[in-house]
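Each chain, written out:
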Amino acid sequence: MGWVCGTNRIRKKLVEDISISPNTLSLQYGQSASLSASIYPEDADNKSVIWRSSNPDRISVSTEGVVTILGAVGEADIYCFSQDGGKARSNPCKITIKKIYVTYLSVSPFNLSMKPGESRKLTTSVELSEYSDEVDEVDEVFMVWHSSNPDIASVNEQGVVTAIKEGSAEIYVTVPDKYSEKSSKCTVKVEKESEETPTDPETPDKDQVLVEAIIISPSNISLKTGEKRTLSKSCTPSNASRQSVSWHSTDSDIASVDNQGTITGVSEGTTEIYCLSQDGGNVESNHCTVEVTSNTDITATEIPKAMKYVPYSYRIQSTNQLSRSSSSYRITSGSLPEGMNLKSDGELYGVPEQTGTFTFTVEMDNNDNSNDSNNTLSLSEKTFTLQVIENTNANIEAMTDPGYELTQRVPNLTLDTLTDQTMVSKGDYEEFVNLFLDGVKLEWEVDYTAEPGSTRITIKSQTLKRFNTPGTHTLAMEFRTKRTNTLRWAAQNYVISGNGNSNTSNNKVSLRGRGSRRASSSSQPAAVSDIIYDSKKGYVHIVTGIITREGTGYSGWIQDETGWKLNYADRTLARGSIRQLEDGTTIEQILWELINGAWYAFGADGSVKDGWVYDYQLGSWYCTSAESGMKVSWHTDSDDGHTYYLEPETGKLARGWKQINNQWYYFNTDTTGNWNYNANNKEKPFGAMYKNEQTPDGYYVNGDGIWN
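Residues numbered from 1 in each chain as written. Predicted model: local features only at pLDDT ≥ 70, side-chain atom pairs only at ≥ 80, totals over all residues. Heavy atoms only, no water.

On to the overall build of the protein chain, then. Scanning the protein chain from N- to C-terminus turns up 3 helices and 61 strands. By residue count, 44% of the 708 residues in the protein chain fall in the buried class. For the protein chain, the exposed area adds up to about 36600 Å²; of that, 45% sits on carbon and sulfur atoms. (Helix = DSSP H or I, 4+ residues; strand = E, 2+ residues; numbered from the N terminus. Buried < 20%, exposed > 50% of the residue type's maximum accessible area, 1.4 Å probe, protein only. Areas by Shrake-Rupley, 256 points an atom, 1.4 Å probe, with all protein chains shown as cover.)

Summed over the entire model, instances satisfying the criterion amount to 25 salt bridges. With a closest N to O distance of 3.0 Å, Asp-57 and Arg-655 form a salt bridge. Taken together, the residues Asp-57 in the loop between β5 (49-53) and β6 (59-61) and Arg-655 in the loop between β57 (643-646) and β58 (656-660) connect sequence positions 598 residues apart. Take Arg-655: its relative accessible area is 39%, and that puts it in the partly exposed class. Among the ionic pairs, Glu-397 bridges to Arg-409, the shortest N-O distance being 2.8 Å. You can see Glu-397 sitting in helix α1 (residues 393-399) and its partner Arg-409 sitting in the loop between β35 (406-408) and β36 (413-414), a full 12 residues away along the chain. Linked by salt bridges that have partners in common, Lys-343, Glu-347, Glu-478 and Arg-480 make up one network. (Salt bridge = Lys/Arg side-chain N within 4 Å of Asp/Glu carboxyl O.)

Mapped onto the elements, Thr-548 comes out in the loop between β46 (545-546) and β47 (556-560). Classification of Thr-548 by relative accessible area gives buried; the value is 1%. Only 2.8 Å separates the side chain of Thr-548 from the side chain of Asn-596, close enough to count as a polar contact. (Polar contact = N/O pair within 3.5 Å; in protein donor to acceptor, adjacent residues only side chain to side chain.)

Turning to the sheet that holds strand β26 (residues 269-277), a few remarks are in order. Read across the open sheet, the 4 strands follow the order β20-β27-β26-β23; overall the sheet is mixed. The open sheet is flanked by β20 (220-224) and β23 (245-249), the only strands paired with a single partner. Pairs of neighbouring strands in the sheet enclose a mean axial angle of 25°, with direction left out of account. The sheet contact formed by β23 and β26 spans 5 bridges and is antiparallel. Within the sheet, the bridge partner assigned to Trp-247 lies in β26 and is Cys-275. (Pairing = 2+ DSSP bridges. Axes fitted to C-alpha atoms, helices over the stretch in contact; angles between N-to-C directions.)

As a general feature of sheets, a regular strand has side chains that alternate between the two faces. In the sheet, β58 pairs with strand β59 (residues 663-667) via 5 bridges, with the strands oriented antiparallel. What sits directly across from Ile-660, in β59, is Gln-663. In this antiparallel pair of consecutive strands, β58 and β59, the connection spans 2 residues, and Asn-661 shows a positive phi of 50°.

Moving on, we come to the environment of Tyr-79. With respect to the helices, strands and loops of the structure, Tyr-79 is situated in strand β8 (residues 75-82). Given the relative accessible area of 16%, Tyr-79 is considered buried. Expressed as a C-alpha distance, the spacing of Tyr-79 and Gly-65, which sit 14 residues apart in the sequence, is 9.4 Å. Contact partners of Tyr-79, with chain neighbours within four places excluded, come to Ile-20, Ile-50, Trp-51, Arg-52, Arg-89, Ser-90, Asn-91 and Pro-92. Of note is the side chain of Tyr-79, whose polar atom sits 3.4 Å from the side chain of Arg-89. (Contact = heavy atoms within 4.5 Å.)

So, on to the nonpolar core. Nonpolar side chains in soluble globular proteins generally cluster together in the buried interior. Ranked by size, the top nonpolar core spans 23 residues in total, and within it Leu-122, Met-143, Trp-145, Val-161 and Val-188 carry the most contacts. For this core, the element with the most residues is strand β17 (residues 167-175), which contributes 4 residues. Apart from the residues within four sequence positions on either side, Leu-122 is in contact with Val-107, Ser-108, Pro-109, Leu-112, Trp-145, Gly-159, Val-161, Ile-171 and Cys-186. Phe-432, Leu-442, Tyr-448 and Tyr-494 belong to the second-largest nonpolar core, a separate cluster that totals 22 residues. (Core = buried A, V, L, I, M, F, W, Y, C linked by side-chain atoms within 4.5 Å.)

Strand order in the open sheet formed by 4 strands is β2-β9-β8-β5, with mixed pairing between adjacent strands. The strands lining the two open edges of the sheet, one partner per strand, are β2 (24-27) and β5. Each neighbouring strand pair of the sheet contributes to a mean axis angle of 20°, computed without reference to strand direction. In terms of strand pairing, β5 meets β8 through 5 bridges, oriented antiparallel. Bridge pairing links Val-49 to Ser-82 in β8.

Right, let's get into the packing of aromatic side chains. Inspection of every chain in the model, using the stated rule, returns 24 aromatic pairs. Seen from their ring centres, Trp-592 and Tyr-622 are 5.2 Å apart, and the 65° between their planes marks the pair as edge-to-face. Of this pair, Trp-592 sits in strand β51 (residues 591-595) while Tyr-622 sits in strand β54 (residues 620-625), and the two are 30 residues apart along the sequence. Classification of Trp-592 by relative accessible area gives buried; the value is 14%. Aromatic ring contacts, followed pair by pair, group Phe-81, Trp-657, Trp-664, Tyr-666, Tyr-690, Tyr-699 and Trp-707 into a single cluster. Looking at Arg-52, its charged tip hangs above the ring of Trp-664, at a distance of 5.7 Å from the centre. Stacked on the ring of Tyr-690, the Lys or Arg Lys-684 has its end atom at 4.6 Å from the ring centre. (Phe/Tyr/Trp six-rings, centres within 6.5 Å; stacked < 30°, edge-to-face > 60°. Lys NZ or Arg CZ within 6 Å of the ring centre and 35° of its normal.)

Of all residues in the protein chain, 84% have pLDDT values of 70 or greater, and the mean over the chain is 81. Overall, residues 321-325 carries pLDDT values under 50, and its contacts beyond four positions in sequence, including any with other chains, amount to 18 contacts. When the criterion is pLDDT under 50, residues 368-377 qualifies, and its contacts beyond four places in sequence or with other chains add up to 15 contacts. (pLDDT = per-residue confidence, 0-100.)

Structure, rendered in structure tokens:
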């Protein structure tokens, strides 16, 4: 075979490497930032790239490389890929969601008078929750500014207000928060430019009686920030022809004054207020000295949730910023959960030992640190509600502080394997403070040892043997940040069972054709130490859940015309609930129960669910069988023929790009209209895997759904 000569084919120069900058970013909820991609070689024929996020539900990226934070916590890697077929892939940019929880936000001044063309920068005062990430300056907190009437007064991203024409506008500043954002406003009044100018004062008429003196009163006042007070004036002689005046403040950032002589406290400090005659004589009044102090009120309105057996700290926020005063706090009514207390400096601290809702009233006493020990500035009182949630695995994982996650965990144990165990956190060893087991503070060098790398804890065998009750136990590490002494934590659960058999697969009983008698006869006896008794559910295995069989003290399956139901040991039904969403929509919230080793979903009527179900609390779709419970891993639906993937650990329906066994797959994220699971729906179902087609972001997947 010889060479065939013909038209020359020009070989395309492919992209060989892509570099994203910056490599890391920390952004707040609602914040956006642009990434740039550098292409090598620079003369590649097609420099177009496709951007992708590893966590698009929380951190999205546009086709132009603009990253936007959609979630409250989490992180993601942002990549981009070449579009020229060469499969060049960039380095990742690590995006971390900065946790900023604002408890107090105030803009200064609250009121502002301006002339057209003038500009004025507003300032903000911000207080952050103890659960926020550390920031050095207020400027590091992302804020959104907007004007209610930009034709009257506009505002830029830095909070600089520009007066445009006569009228009024509200200038708002907001710190975005996924759940409870804080806002503050400044009212701007734009007045016409005065025809009189200081350089060309009015010339008095010959017959005009001029103002000779002006007295304003009082001559000294004290205000709190935001408080108002109107001064009075008296002109001499009393028959002066024109007694109107213009009011002025020597420092309007501390106290402002309007044209009626009403003073507003803006920020802490001292300033002077005076007025000038407007009859051309330019007579200046005496000065009123204004001292502005901060409010000394408790400003916190809500306090964060706590978790059973996990260290908790929250400082009750107030507006007391006086250098000469201090505050002491105490609870005057109500109660805290066992294991927690309120310190005199306002810190709620401890390790709660019980779940539930606890209401209590806090009194703050603001004392003047002067020689007069009886001088009390004020009292402030507020009632709070603290919710302590269960220390479930899901709650612990969701609330563990970023940067303190565990890299090594204590495994599940049996009574005959209670040897020394190790847990390791990413947290800085120098910040480590305490270790707790089931809410009990352990003693260093007696119960455990600690060493760097990052923080490596070895729990001694004798400690584990002291806490050897079969069931779930919680280990929690407490850290305190170096600069602000803010509490951070990492925790985990582990299970102690009564014997060395940790394989639970044999305990999963199929419910096909089930009855109480069949369930009883087919279940294998469990070790007594593995079983606990619950007053509602009866006998419960610590690993496989509710045990169903006939007899007193056991839950059991019953069947009626609507299907199978679970009858608890107290003879009530396991059932979901009917609830109303914020938009007024009525929905059914399912109830999950772990029964004989499998998870089952129950509707509001108590019937066990079969097929696709949506959990509004968890925010995800699940596929469940009335025969065998929750499905996991790969699932091909017999009704619509599509393939789905259900997370092995949680059963949640996968969506978007998913890496499974080192292969990339794409699952539909589009929900056209009010789409629901329906075999007759012509649109691709939500969560269905793409096959032999191009994904929405431009990648081709083969017949097995794999992107090569």
